[in-house]
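Read off the chains here:
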Amino acid sequence: MLNEGDVCKPDARPAPESLHSDSAQREPSPHGDVRSVLRRIADIVEARPDLRASYEQAKKIIRVFRKPAFYEITQRCNLKCEGCYYFDGGLGELVPEQSDPQVWEEFFASEARRGVSIAYFVGAEPALEQERLVAASRYFPHGNIGTNGTVRIDPAVPYRVAISMWAGDDDTDRKLRGASVFRKAFKNYRGDPRALVYYTLSRWNLQSARTVAEMCRDNGLPLTFNLYSPTATFLSKLRDGHANDNAFFRVSSAGDTPMFTDADLACARQTVLDLMDEFPQTVLYSKPYNDWSTKPGPLHPVDEAGVAPACGSRIVGSMSYYGSDLKPMQKKCCTPDLDCRNCRIMSGGWSTKLQPDESDLADEAAFALWLEMVQAIKRIFVYDHPDRAASHRKRPS
């Protein structure tokens, strides 16, 4: 049993269809030559025929992610999160948003014809422009909406609703997000089968993780975890001794930030393990992914420019990103101002695991753990609406 008093205290490529479609196009790649990877997998499956069914299922799951696209639905938001990935993350000038619903409709229709397999709806707060989400729902077989949960998304939208939650108590929520909103998110989405709570762990909120797990259980919502990761802008403000403001750098200082130390990562790892054991019907996660994502040091190898070329969320190959003016944007990744050396965000971590690396292919046991991670990716990122397949077949052309 994990009690609040027991929690750790913080320190003062196109590839074959069996692999992620963009993994081979990210260079250099830790995954090695695709043919070598496939040969190694074939050897493992031959030695462990009991893994064949899971591997075939993993290939089907990975096909869902074969051509992803990111769409900024709006540049508006109703919160001010500390170190915001969007507004305080190299946003630059706002673009003139496309306001014509018919233009959005035609745009999504053209994207569907392009073969987008899963659409990620991001921006500032997508729930503030729901007409655009409803339009998208007529075209894409799978979708994932990142939201803070303060506005309920129309039940007509049959996609995964990923509720970003940063605290389980009022003081910490106000500290991290500028307002206490976690209870409102639970009220809005209680029992909604589309919804999943993404609890962004940080050194400031580990003590509230169990409270959030209990609330998820009591409100019929699954729970998964993200790891706070700083933007380059946030780090530069710390480095330069930037004064606190009333927006996205309200409370942090060089000696006190939400960022993890190695000791904090160990605490986060143990906290998640304990919650997985105590709330098995609520927590959707993976123990091998938890081990990997909380290891000390950079999660992704970086080049001389400080960029992680092989990260799975790089906007390369068939992966695309569009602003709310519906124009393509040339971005490093789906959260472009994140500092790659310190990035542990779940989108980059999980997408990197869509293809096994050397450690995942070290032996049969390691490969079995990778297959478990792929199953977790499906449960976390994809909502299979019972009528989705039929409605998608009838979508307008």
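Worth saying up front: this structure is predicted, and the values here are computed from it rather than measured.

Rules used in this analysis
Residues numbered from 1 in each chain as written. Predicted model: local features only at pLDDT ≥ 70, side-chain atom pairs only at ≥ 80, totals over all residues. Heavy atoms only, no water. Helix = DSSP H or I, 4+ residues; strand = E, 2+ residues; numbered from the N terminus. Buried < 20%, exposed > 50% of the residue type's maximum accessible area, 1.4 Å probe, protein only. Areas by Shrake-Rupley, 256 points an atom, 1.4 Å probe, with all protein chains shown as cover. Arc of directions from axis to C-beta. Core = buried A, V, L, I, M, F, W, Y, C linked by side-chain atoms within 4.5 Å. Contact = heavy atoms within 4.5 Å. Pairing = 2+ DSSP bridges. Axes fitted to C-alpha atoms, helices over the stretch in contact; angles between N-to-C directions. Polar contact = N/O pair within 3.5 Å; in protein donor to acceptor, adjacent residues only side chain to side chain. Right-handed = clockwise from strand over helix to strand, strands pointing away. pLDDT = per-residue confidence, 0-100.

Visitor: Kindly report on the overall build of the protein, identifying the contributing residues and their values.
Guide: Check the secondary structure of the protein and you find 13 helices and 7 strands. Relative to its 397 residues, the protein shows a buried fraction of 56%. Total accessible area on the protein stands at roughly 16400 Å², and carbon and sulfur atoms take up 50% of it.

Visitor: Any chance you could break down helix H8 (residues 232-239) for me, citing the residues and the numbers?
Guide: Within H8, the full set of buried residues consists of Phe234, Leu235, Lys237 and Leu238. The arc enclosing the buried residues of H8, seen along the axis, measures out at 160°, which places them on a common side. Downstream of H8 by a residue or two, Gly241 has a phi angle that is positive, lying close to 65°.

Visitor: Explain the nonpolar core to me, using residue names and the numbers behind them.
Guide: With 108 residues, the main nonpolar core has Tyr71, Phe108 and Phe121 as its most contacted residues. Beyond its immediate sequence surroundings of up to four residues, Phe121 is in contact with Tyr71, Ile73, Phe108, Pro126, Leu133, Ala136, Phe140, Gly143, Asn144, Ile145, Gly146 and Tyr159.

Visitor: Let's hear about the environment of Ser324: which residues, and what values?
Guide: Mapped onto the elements, Ser324 comes out in the loop between strand E7 (320-322) and helix H11 (346-352). Judged by its relative accessible area of 0%, Ser324 falls in the buried class. Distance in space between the C-alpha atoms of Ser324 and Pro96 is 7.7 Å, their sequence separation being 228 residues.

Visitor: So what's going on with the sheet that holds strand E3 (residues 143-147)? Which residues, and what values?
Guide: Spatially, 7 strands are ordered E6-E5-E4-E3-E2-E1-E7 in an open sheet, and the strand pairing comes out parallel. Strand pairing shows two members of the sheet lacking a second neighbour, strand E6 (223-227) and E7, which therefore form its edges. Averaged over all pairs of adjacent strands, the angle between their axes in this sheet comes to 25°, without regard to strand direction. Contacts from helix H3 (residues 101-113) reach strand E1 (68-74), strand E2 (118-123) and E7, with the element oriented near 170° to E1.

Visitor: Explain the side chain of Gln75 to me, using residue names and the numbers behind them.
Guide: By the element assignment, Gln75 lies in the loop between E1 and H3. A distance of 3.4 Å separates polar atoms of two side chains, one belonging to Gln75 and the other to Ser324. Not counting residues within four places of it along the chain, the set of residues in contact with Gln75 comprises Tyr86, Phe87, Leu94, Val95, Glu97, Ala124 and Ser324.

Visitor: Lay out unusual backbone geometry with the relevant residues and their values.
Guide: Even without a glycine there, the phi angle at Leu326 is positive, about 70°. The topology assignment puts Leu326 in the loop between E7 and H11.

Visitor: Describe the pairing of E2, listing the residues and the values that go with them.
Guide: Among the 6 residues that make up E2, 5 are buried, leaving the element largely enclosed by the rest of the structure. In this sheet, E2 lies alongside E1 in parallel orientation, the contact comprising 6 bridges. Residue Thr74 lies in a different strand from E2, and its bridge partner there is Gly123. Pairing analysis gives 3 bridges linking E2 to E3, with the strands arranged parallel. By the bridge assignment, Tyr120 is partnered in E3 with Asn144. Handedness of the E2-helix H4 (residues 130-136)-E3 crossover: right-handed.

Visitor: How would you summarise the confidence of the model for the protein if you had to cite specific residues and measurements?
Guide: Averaged over all residues, the pLDDT of the protein equals 89, while 88% of them reach at least 70. Contacts of residues 1-7 to residues separated by more than four positions or lying in other chains number 16 contacts, the stretch itself having pLDDT below 50.

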